[in-house]
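# Tertiary structure, described
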Amino acid sequence: MRKSRLVPVVAAAALVAATTAPAQAQSEPAVTGVGTTTGALTLLGLDAGELVTLDLLTDAGSANIDEATGPRSAAAQIAALALDTAATDPVSVPLVSVSSTGEEQTAGEEV
């Protein structure tokens, strides 16, 4: 009988803790730091030496917020297809790329 009364109390306490913890985390000052990062991902890559090289959906990006190594910047590139064969000239789809330097920039509506 007592356990059936305890379950709703524990559930209510868990709900209160879960909803108030994010609010407390947001009220603390933002952590500032410096750093530089780069990364790349290719969905499908094939390299058969001089015979054929294929890269399908390549995504590359970089960012820097360490002013000791250069200005603040961010860049991203997506290449849909790059194909190089011994029998034909290289074939590729033009890159789609974006870059930004300096302060925060936004586009579109405010959230």
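Here goes a summary of the coordinates provided.

Rules used throughout
The residue numbers shown here count from 1 along each chain, following its written sequence. Residue-level local features of this predicted model are given only where pLDDT is at least 70; pairs of side-chain atoms are given and counted only at 80 or more, and the full residue set underlies all totals for whole chains, interfaces and linings. Water and hydrogen atoms play no part in the side-chain values, which are based on all heavy atoms of the structure. Patch membership requires over 30% relative accessible area and the absence of a salt bridge. Like charges are linked within 9 Å, and nonpolar side chains (Val, Leu, Ile, Met, Phe, Trp, Tyr) within 5 Å. To be clear on the numbers: accessible area is Shrake-Rupley with a 1.4 Å probe, and residue cover counts the displayed protein chains and nothing else. The term salt bridge refers to a pairing of a side-chain nitrogen on Lys or Arg with a carboxyl oxygen on Asp or Glu at a separation within 4 Å. In DSSP terms, a helix is any run of H or I states spanning at least four residues, a strand is any run of E spanning at least two, and both are numbered starting from the N terminus. Burial here depends on accessible area, computed with a 1.4 Å probe over protein chains only, as a share of the maximum for the residue type. Under 20% is buried, over 50% is exposed, and the range in between is partly exposed. Between two residues, a contact is recorded if the distance between any of their heavy atoms is within 4.5 Å. Strands are labelled as partners when DSSP assigns at least two bridges between them. By the counting rule applied here, Lys and Arg register as positive and Asp and Glu as negative, while His and the ends of each chain are not counted. Here a polar contact is taken to be a pair of N or O atoms separated by no more than 3.5 Å, where protein atoms must pair a possible hydrogen donor with a possible acceptor and residues adjacent in sequence count only if both atoms sit in side chains.

### Some thoughts on a nonpolar patch on the surface
A surface patch of nonpolar side chains, amounting to about 360 Å² of accessible area, comprises Leu-43, Leu-44, Leu-56 and Leu-57. For the nonpolar patch, the elements supplying multiple residues, two or more each, are β1 (36-47) and β2 (52-64). Mapping Leu-44 onto the fold places it in strand β1.

### Some remarks on the environment of Ser-73
Counting through the fold element by element, Ser-73 comes out in strand β3 (residues 73-85). By relative accessible area, which is 31% here, Ser-73 ends up partly exposed. For the pair Ser-73 and Glu-104, spaced 31 residues apart in sequence, the C-alpha to C-alpha distance is 9.8 Å. Not counting residues up to four positions away in its chain, the partners in contact with Ser-73 are Ser-62, Ala-63, Asn-64, Ser-100 and Thr-101.

### Focus: the pairing of β2
Where β1 and β2 come together, eleven bridges link them in antiparallel fashion. Among the inter-strand pairings, Leu-46 is bridged to a residue of β2, identified as Leu-54. Where β1 hands over to β2, the hairpin turn is made up of four residues, of which Gly-49 adopts a positive phi near 65°.

### Looking at the side chain of Asp-66
Checked against the element boundaries, Asp-66 lands in the loop between β2 and β3. Buried within the structure, Asp-66 lacks any salt-bridge partner; Arg-72 is the closest side chain of opposite charge, at an N-O distance of 8.8 Å. Not counting chain neighbours up to four residues away, the residues in contact with Asp-66 comprise Val-34, Gly-35 and Thr-36.

### Observations regarding the side chain of Asn-64
As for its placement among the helices and strands, Asn-64 is situated in strand β2. Judged by relative accessible area, which is 8%, Asn-64 ranks as buried. Engagement of the side chain of Asn-64 in a polar contact is seen with the side chain of Thr-36, the distance being 2.7 Å. Looking at Asn-64, its side chain comes within polar contact range of the main-chain oxygen of Pro-71, at 3.1 Å. Apart from residues no more than four positions distant in its own chain, Asn-64 is found in contact with Gly-35, Thr-36, Thr-69, Gly-70, Pro-71, Arg-72 and Ser-73.

### Notes on the environment of Thr-69
For Thr-69, the position within the fold is in the loop between β2 and β3. On the basis of relative accessibility, which here comes to 56%, the residue Thr-69 falls in the exposed class. When the C-alpha atoms of Thr-69 and Thr-36 are compared, they prove to be 8.4 Å apart, with 33 residues separating the residues in sequence. In contact with Thr-69, not counting residues within four places along its chain, are Thr-36 and Asn-64. A polar contact of 2.9 Å, which involves the side chain of Thr-69, links it to the backbone oxygen of Asp-66.

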